[in-house]
Amino acid sequence: MSDTVTRRRPHALALQGLTCNGCVNKTRRALTALDGEADIDLDTRLARVTTTEDTEALIAAIREAGFDAAPVDRAPHAFLTDGVSCQGCVGKIRRTIQEQDAAAVVEGEPRAGWLTVDSALDTATLTEAIETAGYHAEPARFTTRTRRVPGMSCQGCVKRMREALQARDPLARVEGEPEEKRLTVASYLPDALLDATLVEAGYPPGSDAPEDDNVTGDTSAASDTASPTNEPAPTGAPARGERQSLELALSGITCASCVRTIQQALDATEGVARAEVNFASRTASVSGTASPQALIKAVEDAGYGAEVIEDLERGEAKREANEAREYRRRLRDTVVALVPGLALMGLMFVHEPVLGGGERWLWVLVGLATLGVLATAGRVFFVGAVKAFRHHQANMDMLVAVGTGVAWLYSMVVALAPGIVPEAARALYFEASLMIVGLINVGQALEVRARGRTSQALKHLLDLKVQTARVLRDGEERDVAIDEVREGDRLRVRPGERLPVDGEVLEGESFIDESMLTGEPMPVAKRQGDEVAAGTVNGKGSLVYRATRVGQQTRLSRIIEQVRNAQNSRPPISRLADRVAAVFVPTVMILAVITALVWFNVGPEPRIIHMLVAATTVLIIACPCALGLATPISTMIGVGKAAEYGVLIRSGEALQTASRLTTLVVDKTGTLTEGKPSVTDWQAFDDEARILGLTLALERGSEHPLATALVAHAEAASATPAAIRDFTSLTGRGVQARGPDGERLLLGNAALMQETGVDLAPGRAWIEDAESRARTVIHLAVDGRLAALFAVADPLREDAVAAVARLRQAGLRVVMLTGDAASTAAAIAAEAGIDDYRAGLLPEDKHDAIAELQARGEIVGMVGDGINDAPALARADVGFAIGAGTDVAIESAGIALMRNSLHGVADAIAISSAALRNIKQNLWGAFGYNVLGIPIAAGVLYPATGMLLSPVIAAVAMSLSSVTVVSNANRLRLFTPRETTREASA
């Protein structure tokens, strides 16, 4: 190989400005002119170049071609593999690749023959490395395929499928048409894995899925391993469409090590797509195609108990009953252990044991009595330790059992055969075993009591659900069970009663207290045609309303489900505690052995006593419980606290990320403004009646707030809709159609007029005046001529100025993005107190604007309420969907606000920050406790003090560590995000 070849190095560049294959070809020619080989992907805007030139030369060449580029450390690659049968094979490939690129990230799914590599190496070098490792690989092709997905009903379904597919292929592009049940996927994934991923996500392709439409790329590589779309699900999985989410109540859990064991058992179960085990609530949330029986068996095989929670209310009631029973049992065991333990300890102060004559046998009887107490009050620890040992695990029970067991066994040896133990080492520790068991039991009793308060927010939500409803059927009123209410039923609600289901008011007027759902303190007036929600309280008037959503579809039920799911989720910060918990107990046992060896070999006399005390104290003082509780208990309380303020946090990740936001992007219409615009004035350049008729015809089918304003204006003037045809909606710009005489009609913003060559000069002065007054101007053109202008005002929300000021005071940079004209946007931004705004944006422009901010290192939150905000909400690090927003916006967001106020965003960020701060305090406390406690227990202070820490004191410290973590987490229940006085008094 020549020197030139050996000096070639791979480069990965992120390209900017490419829009078509012509741009790709132009860039490729510029790069290959530098004695290099270039592979450019238009979809990912990524160039992989192998050349002798440096990165700066490549970027300069690209800029000369009219584009821009930036270096990336690693680029994604995808391979179809042959011969890779397990994760051990993946590890072998990883090690081979990392010999050339130490930072490379290699992940694989052996069963699917799928390998992903993030590396600075080029595709050819990676393929050669995989071959060197002993396996065959071919680069996957980026292909576009379509699937028919019967279970797809909305863009929220599309979002969930997109997330599932992008978890395996980050470059995948996923678009869905719910009304057609059609999903389009552009991805490197092979067909078999693509279909399996959809099944895992709960959206199996239909058996009549169309043949793949390979728009781009060559699919030969993929087809080698692909299976037909209508192949059955993988072996062991239920039939397609049977994916479900289950919640299991767990028993036998004592520490974070138990949580990890159960987590691993569930993850290894065939058909499990996701499992989350919550130490604080003793539950596991599992989604996938695995049967309940398989999940329960997996948990039982790991040495623990599980049962399915069929109903959330009954599950909460059973959890409370279980906790009450555990609390009573812990208190009973405390008394059984501490009473004789304290008596023995008091005796030791006034009488030194005599291990000779008849008294020796009295101490043998004391030892047997101690064994009886350990077998009753301490039984849970020993049973747990035996289970852990049988399943090759290590948990807190093992530490307690070994510590107390060794102390008791040593004492029995001394009592039965004192002659075999050096005289200086003849000490009894029966009281220590009893005190340790008693103190740990009292600590866990206090933990159970404190832990029970963490789910109060969920309990309050459950209490909002009523058990009966008054239904009007067959001309009479009757009270029926809530489960018997059906959509379309007419219900009556009297003053002071709580509404049983969601609905639409048919008769009567009243004020409804919605504070329990939205956090808004003032009752809301309701009359015919208004929507009402389950769980809210009727005021003085009587209402008759039609049920529109019942059962689990009500707004209240969905809130409860979201709160429960979020409480059981785990923020990324928990991974640190998980990694420590995985090795905690084995590490502590090794440290105890090392401690014993050190004291036995180099410690002062009596060595055996020092060795026993130090090793036992190390075992007792170590506490994995505090680590396991640190994150989930604060997450549960934080999510519940947010729900009290009308903020629904959908995941632990959103909870954590919201606390780190640096920039908040807000939409204008419906977010900063009321979202209820009206036409304030208008200018016609043609017959007014004809203009209004055309406008009414063009906009009456739209639900956009601006269209609603135009329709209301036209109807108020008694306009008659004209006959139009060939209607087309132009996203982000307006609409077009053909009029009664075939004339071309355009209705929309200035961008649409400019794009189609409409001269706006006749109305320029009028437009500038309207926009200077923060009016949105809608233009109507007929056959290329300006026919009318409408000025639409959407007033700023009453609390918008105060909310923006509050967000800025919290250190956030607030940016407004809008499709409105620049002058209108400037006026609204100035009124709201926002310095940074961008106007004239399409939905994709908002998405790109957020991506641009993220590229600068900003952590971006996005607040929006409409369908056009969904892409930006999904792109943001955290999306906030405003309360009145569309389902698509809410599904795309990480946090949903039940009220229409930016104060909800400020509340969410404040609660998120408080929760994360609390989690960090818990983790620091748990880590610090063990980092300080274990060395002290091992005797590091002995040279200075001449004393060793007593195992009894260690038991007190161990118990208090968990109680301290739980008590600190419960401080969150007292946290109140700062509210504005104006809002409270509104």
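Residues numbered from 1 in each chain as written. Predicted model: local features only at pLDDT ≥ 70, side-chain atom pairs only at ≥ 80, totals over all residues. Heavy atoms only, no water.

**Regarding the side chain of Thr116**
Quick note on the threshold: Only DSSP runs of H or I covering at least 4 residues are called helices, and only runs of E covering at least 2 are called strands; the numbering of each starts at the N terminus. Every residue pair with non-hydrogen atoms within 4.5 Å of one another is taken to be in contact.
You can see Thr116 is positioned in strand E7 (residues 114-119). In this view, Thr116 contacts His77, Val105, Val106, Glu107 and Arg168; residues no more than four positions away in its chain are not counted.

**Topic: the nonpolar core**
Basically, it comes down to this: By convention a nonpolar core is built from buried Ala, Val, Leu, Ile, Met, Phe, Trp, Tyr and Cys residues, the set being connected through side-chain atoms within 4.5 Å. Partly exposed residues are those whose accessible area sits between 20% and 50% of the maximum for their type, while under 20% is buried and over 50% is exposed, using a 1.4 Å probe and protein chains only.
Residues Leu672, Phe880 and Ile895 are the most contacted members of the largest nonpolar core, which totals 132 residues. Core analysis: the next-biggest nonpolar cluster, separate from the first, contains 24 residues, Leu710, Ala737, Ala788 and Phe790 among them.

**Examining the environment of Thr595**
As for its placement among the helices and strands, Thr595 is situated in helix H19 (residues 574-602). Measuring from C-alpha to C-alpha, the distance between Thr595 and Gly939 comes to 8.4 Å, with 344 residues separating the pair along the chain. Sequence-distant contacts of Thr595, that is, excluding residues within four places in its chain, are made with Ala614, Ala615, Val618 and Ala938.

**Structural notes on the confidence of the model for the protein**
As a reminder, the rule being used: The predictor rates its confidence in each residue with pLDDT, a number between 0 and 100.
Taken over all residues, the pLDDT of the protein has a mean of 79, while the share at 70 or more is 85%. Across residues 1-6, where pLDDT falls below 50, the model places 3 contacts with residues more than four positions away in sequence or in other chains. Below a pLDDT of 50 lies the segment residues 207-241, which in the model reaches 64 contacts outside its immediate sequence neighbourhood of four places, other chains included.

**Overview of the side chain of Arg145**
Inclusion rule: Here a polar contact is taken to be a pair of N or O atoms separated by no more than 3.5 Å, where protein atoms must pair a possible hydrogen donor with a possible acceptor and residues adjacent in sequence count only if both atoms sit in side chains.
Secondary-structure assignment places Arg145 in strand E9 (residues 143-148). Within the local environment of Arg145, its side chain forms a polar contact with the backbone oxygen of Ser187, the two atoms lying 3.0 Å apart. At 2.7 Å, the side chain of Arg145 forms a polar contact with the backbone oxygen of Leu189.

**Notes on the pattern of salt bridges**
Short version of the rule: Basic side-chain nitrogens of Lys or Arg form a salt bridge, by our definition, when they fall within 4 Å of a carboxyl oxygen of Asp or Glu.
Here the structure, examined in full by the defined rule, presents 34 salt bridges. A salt bridge links Arg63 to Asp68; its shortest N-O distance comes to 2.9 Å. Arg808 is the partner of Asp835 in a salt bridge, and the nearest nitrogen-oxygen pair spans 3.0 Å. Of this pair, Asp835 sits in the loop between helix H30 (822-832) and strand E34 (836-838) while Arg808 sits in helix H29 (residues 800-809); the two residues are 27 residues apart in sequence, bridging distant segments of the chain. Owing to a relative accessible area of 63%, Asp835 belongs among the exposed residues under this scheme. One network of salt bridges, in which partners are shared, links Arg470, Glu477, Asp479, Arg492, Arg494 and Glu497.

**Notes on helix H28 (residues 764-772)**
Two residues of an α-helix separated by three or four positions point the same way, owing to the 3.6 residues in each turn. The following threshold applies: Along the arc lie the directions from the helix axis toward the C-beta atoms.
Taken together, the buried positions of H28 are Trp766, Ile767, Ala770 and Glu771. Along the axis of H28, the buried residues cluster in a sector spanning 125°; they form a single face. Turned more than 90 degrees away from the buried face of H28 sit Ala765 and Ser772, all of them exposed. Structurally, H28 contributes buried residues whose contacts are with strand E27 (678-684), strand E31 (776-782), strand E32 (785-793) and H30. Following H28 by one or two positions, Ala774 adopts a phi angle in the positive range, close to 65°.

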